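Residues per chain, in single letters:
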Amino acid sequence: MSATAVSLPAGSLHFWQTTVGKKAIMAITGFILFGFIVGHLLGNLQIFLPPEKINHYSATLKSLPALLWGARITLLLAVGLHIWSSFQLWLLQRDARPIKYVKKANLNSTYASRTMLWSGPIILAFLIFHLLHFTFGTVHPGGPFDEHNVYNNVVTGFQVWPVSLFYIVAMIMLCYHLYHGLWSMFQSLGFSHPVYTPWLQRFAKLVAILIAAGNISIPVAVLAGFIKPV
Amino acid sequence: MKLTLHVWRQKNAQDTGGMVRYDVPNVNEHMSFLEMLDVLNESLIEKGQDPIAFDHDCREGICGMCGMMINGKAHGGFPGTTVCQVHMRHFKDGDVIYLEPWRAKAFPVIKDLAVNRASFDRIIAAGGFISVPTGSAPDGNAIPIRKQDADLAMDAAACIGCGACVAACPNAAAALFVGAKISHLGHLPQGKVERDRRALAMVQQMNIEGFANCTNIGECEAACPKDIKLEVIARTNRDYIKAAFTERPDSTSAGAG
Ligand code: FES
């Protein structure tokens with residue numbers, strides 16, 4: 001038998017140094033964050049139940065430090081790696097076309113797919129505000145922050161309409177981000193199929209809209225006076 | 001018909017270049033796009049000016065030499081069509097047309113609309129081939145190949161390496177080109193032998209050349225004159241990820257005794 005002749009370029013790049021490797025990291029961390037977003041939404045929707053429910057849910061989570069901190073550390077790592085990869089890829093993209101086109105048309109791509117690098121940072125800004133707003137309570141206009149009364153924190157927090165508006169805008173960005181990200185992660189990890197991929201795209205669109213609508217329903221319900229502080 | 005052209009003119013790789021306006025009277029709708037440029041070039045030569053440089057060879061859509069951005073669309077944006085196959089009947093009197101070269105760090109401009117695509121050649125040299133021992137030719141049908149695999153390999157092999165995918169990609173990624181080569185060879189028994197190494201070598205070379213990453217946007221698919229599908233990129237990703245986690249160092253003793 002003969003030996004084969006494909007050899008690796010001098011100074012081999014490691015997995016995480018290649019564009020394909022970085023995209024795989026984005027896909028896996030993106031999937032973890034998606035899982036969190038689904039769980040987070042389901043927990044939040046308890047706001048439509050009597051106040052004791054969501055307050056009890058929050059107290060239960062806080063009484064399980066292993067679960068709480070395990071999840072927090074995993075999420076922090078996922079967010080960190082997701083941003084780190086996207087930042088490095090952004091640098092590569094910026095360098096890959098030093099001279100821009102005078103005219104450039106888009107024939108095939110979705111708005112969502114072309115704006116991932118915009119929706120991403122907006123979601124990050126939202127995330128930081130959201131943590132200060134409802135987790136730490138350091139930025140909580142609209143009333144005093146009581147860490148044992150999640151229900152009231154949410155309601156008084158959303159009664160400040162500019163805050164609600166910011167949440168709604170951020171959730172629309174999240175919708176776009178998820179619409180592209182949810183099917184794109186499969187492509188990045190190597191799955192593409194002439195029949196299943198179009199279904200995956202439809203599913204991504206549906207899930208992205210449902211998640212955004214579910215989250216937006218909360219500030220809207222508060223502003224409409226449907227949910228009142230106790 | 002009468003056209004107004006805005007063309008990127010650049011003397012050489014060092015020149016900064018810029019858009020120059022040309023009025024082209026008497027364009028016949030039966031001309032091909034490149035013939036229209038030939039006519040313009042003849043008039044430029046008659047006036048003692050430098051003709052517009054653009055790449056072309058076969059002018060029948062099979063060699064992959066031609067390529068330019070027409071109004072921001074690679075090859076003009078007609079489905080499955082290289083610029084040499086575009087005819088002037090798609091345009092109408094008074095149209096304003098912008099012509100620009102492929103734009104990518106890995107495709108430096110040689111002159112005007114002609115770019116240097118040697119980066120593609122180096123990606124092919126890194127792994128876009130199969131290793132065949134010399135000797136007498138093997139029997140043509142000795143290796144059975146599943147029909148679906150033969151078809152998928154042929155679809156991918158249609159890539160002519162024109163570079164439209166890179167030009168159309170917002171990130172100037174070469175993922176569709178690399179995916180076409182990886183799919184073409186990887187679907188066939190002769191190419192499977194080096195499938196892992198090929199993915200590692202071609203992806204690395206693609207990155208060394210300065211092509212950025214794929215963001216699964218799909219502009220390349222729309223620009224490709226050979227209708228290569230995004231699916232080939234997923235195959236690159238799959239092959240590369242698998243190879244990255246299974247590749248091991250070369251044996252130091254094999255064949256020694
Ligand atoms: S000149 Fe050969 S493909 Fe256009």
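**Topic: the overall build of chain A**
Secondary structure summary: chain A contains eight helices and zero strands in total. Secondary structure of chain A in N-to-C order comes out as α-α-α-α-α-α-α-α. Per-residue burial over chain A gives 42% buried out of 230 residues. Residue pairs at least 24 apart in sequence account for 71% of intrachain contacts in chain A once pairs closer than 6 positions are excluded. Of the roughly 12700 Å² of accessible surface on chain A, a fraction of 73% belongs to carbon and sulfur atoms. Computed over 14 positive and 4 negative side-chain charges, the separation of the two mean positions in chain A equals 23 Å.

**Considerations on the nonpolar core**
B:Val166 and B:Phe211 are the most contacted members of the largest nonpolar core, which has 87 residues in total. Top contributing element to this core by residue count: helix H7 (residues 161-188) of chain A, with twelve residues. Looking at which domains feed residues into this core, each of domain 1 (3-111) and domain 2 (118-246) of chain B supplies at least three. Discounting residues that sit within four places of it in the chain, B:Val166 has contacts with A:Arg97, B:Ala104, B:Phe107, B:Phe120, B:Ala172, B:Ala173, B:Ala174 and B:Phe211. With 27 residues, the next largest nonpolar core counts B:Val27, B:Leu40, B:Met68 and B:Phe91 among its residues.

**Focus: the domain arrangement of chain B**
Residues and elements named next belong to chain B. When cut into domains, chain B gives domain 1 (3-111) and domain 2 (118-246). Between the C-alpha centres of domain 1 and domain 2 there is a distance of 29 Å. In this assembly, 17 residues from domain 1 lie in contact with 19 residues from domain 2. Inspection of the region where domain 1 meets domain 2 yields zero salt bridges. Between domain 1 and domain 2 we count three residue pairs in polar contact (both at pLDDT 80 or more) in total.

**A closer look at the interface of chain A and chain B**
Each partner contributes residues to the interface: chain A has 49 residues there, and chain B has 59 residues. Counting each side, the surface lost to burial between chain A and chain B is near 4400 Å², with a carbon and sulfur contribution of 60%. Across the contact surface, chain A and chain B share zero salt bridges. Scanning the region where chain A abuts chain B turns up 27 residue pairs in polar contact (both at pLDDT 80 or more). Only helix H1 (19-44), helix H3 (65-96), helix H4 (111-114) and H7 of chain A provide two or more residues apiece to the side of chain A that touches chain B. For the side of chain A that touches chain B, the class distribution of residues is 22 nonpolar, 20 polar and seven charged.

**Some thoughts on the side chain of B:Asp55**
Residues and elements named next belong to chain B. Mapping Asp 55 onto the fold places it in the loop between helix H1 (33-46) and strand E3 (69-70). Polar side-chain contacts of Asp 55 include one of 3.3 Å to the side chain of Arg 117. With near-sequence residues (within four places) excluded, Asp 55 lies in contact with Met 65, Cys 66, Gly 67, Ala 114, Val 115 and Arg 117.

**Regarding the sheet that holds E3(B)**
Residue and element names in this part refer to chain B. Reading across from one edge, E2-E1-E5-E3-E4 is the order of the five strands in this open sheet, with mixed pairing throughout. Each edge of the open sheet is held by one strand with a lone partner, namely strand E2 (18-24) and strand E4 (73-74). Of the strand pairs in this sheet, strand E1 (residues 3-9) and strand E5 (residues 96-100) are connected by four bridges, and their pairing is parallel. Across the sheet, the residue bridging to Thr 4 is Val 96, located in E5.

**Details of the pattern of salt bridges**
Residue and element names in this part refer to chain B. Under the criterion given, the structure shown has 13 salt bridges over all chains. Across the pair Asp 50 and Lys 111 runs a salt bridge, and its minimum N-O distance is 2.9 Å. Taken together, the residues Asp 50 in the loop between H1 and E3 and Lys 111 in strand E6 (residues 109-111) connect sequence positions 61 residues apart. Note that Lys 147 is salt-bridged to Asp 151, the shortest N-O span being 2.8 Å. Taken together, the positions of Lys 147 and Asp 151, both in helix H3 (residues 147-157) and four residues apart, correspond to about one turn of that helix. By relative accessible area, which is 55% here, Lys 147 ends up exposed.

**Points about a nonpolar patch on the surface**
Residue and element names in this part refer to chain A. A surface patch of nonpolar side chains, amounting to about 600 Å² of accessible area, comprises Ile 83, Leu 124, Leu 127, Ile 128, Leu 131, Leu 132, Phe 136 and Val 139. Here the element with the most residues in the nonpolar patch is helix H5 (residues 116-135); it accounts for five residues. Summarising the element assignment, Ile 83 is placed in helix H3. Residue Ile 83 is classed as partly exposed on the basis of its relative accessible area, which comes to 35%.

**Considerations on the state of the cysteines**
Residue and element names in this part refer to chain B. Enumeration over the complete set of coordinates arrives at zero disulfides over all chains. Not engaged in a disulfide, the cysteine Cys 159 finds its nearest cysteine sulfur in Cys 165; these two sulfurs lie 6.5 Å apart. Between Cys 214, a cysteine without a disulfide, and Cys 220, which holds the nearest cysteine sulfur, the sulfur-to-sulfur distance is 6.3 Å.

**Regarding the packing of aromatic side chains**
Ring pairs (aromatic) are described by centroid distance and by the angle formed between their planes. Under the definition given, this model contains 20 aromatic pairs over all chains. With a centroid separation of 6.4 Å and 70° between ring planes, the pair formed by A:Phe186 and A:Phe191 is classed as edge-to-face. Taking relative accessible area as the criterion, A:Phe186 reaches 33% and is therefore assigned partly exposed. We classify A:Phe191 as partly exposed; its relative accessible area is 37%. Geometrically, the ring pair formed by B:Phe120 and B:Phe177 is stacked, given 3.6 Å between the ring centres and 5° between the ring planes. Of the two residues, B:Phe120 is situated in helix H2 (residues 118-127) and B:Phe177 in helix H5 (residues 175-186); the sequence distance between them amounts to 57 residues. As far as the burial class goes, B:Phe120 and B:Phe177 line up, both buried. What links up through ring pairs into an aromatic cluster is the set A:Phe126, A:Phe129, A:Phe134, A:Phe158, A:Phe166 and A:Tyr167. Sitting over the ring of A:Trp90, A:Arg94 keeps its end group 5.3 Å from the ring centre. Its guanidinium or amino end placed over the ring of B:Trp8, B:Arg103 lies 4.1 Å from that ring's centre, counting from NZ or CZ.

Quick notes on the rules
Residues numbered from 1 in each chain as written. Chains lettered and ligands numbered in written order. Predicted model: local features only at pLDDT ≥ 70, side-chain atom pairs only at ≥ 80, totals over all residues. Heavy atoms only, no water. Helix = DSSP H or I, 4+ residues; strand = E, 2+ residues; numbered from the N terminus. Buried < 20%, exposed > 50% of the residue type's maximum accessible area, 1.4 Å probe, protein only. Contact = heavy atoms within 4.5 Å. Areas by Shrake-Rupley, 256 points an atom, 1.4 Å probe, with all protein chains shown as cover. Lys, Arg positive; Asp, Glu negative; His and termini not counted. Charge placed at Lys NZ, Arg CZ, Asp CG, Glu CD. Core = buried A, V, L, I, M, F, W, Y, C linked by side-chain atoms within 4.5 Å. Domains from an automatic or database assignment. Salt bridge = Lys/Arg side-chain N within 4 Å of Asp/Glu carboxyl O. Polar contact = N/O pair within 3.5 Å; in protein donor to acceptor, adjacent residues only side chain to side chain. Buried area = accessible area lost by both parts, 1.4 Å probe. Nonpolar A, V, L, I, M, F, W, Y, C, P; charged D, E, K, R; others polar. Pairing = 2+ DSSP bridges. Patch = residues over 30% accessible without salt bridge, like charges linked within 9 Å, V, L, I, M, F, W, Y side chains within 5 Å. Disulfide = S-S within 2.5 Å. Phe/Tyr/Trp six-rings, centres within 6.5 Å; stacked < 30°, edge-to-face > 60°. Lys NZ or Arg CZ within 6 Å of the ring centre and 35° of its normal.

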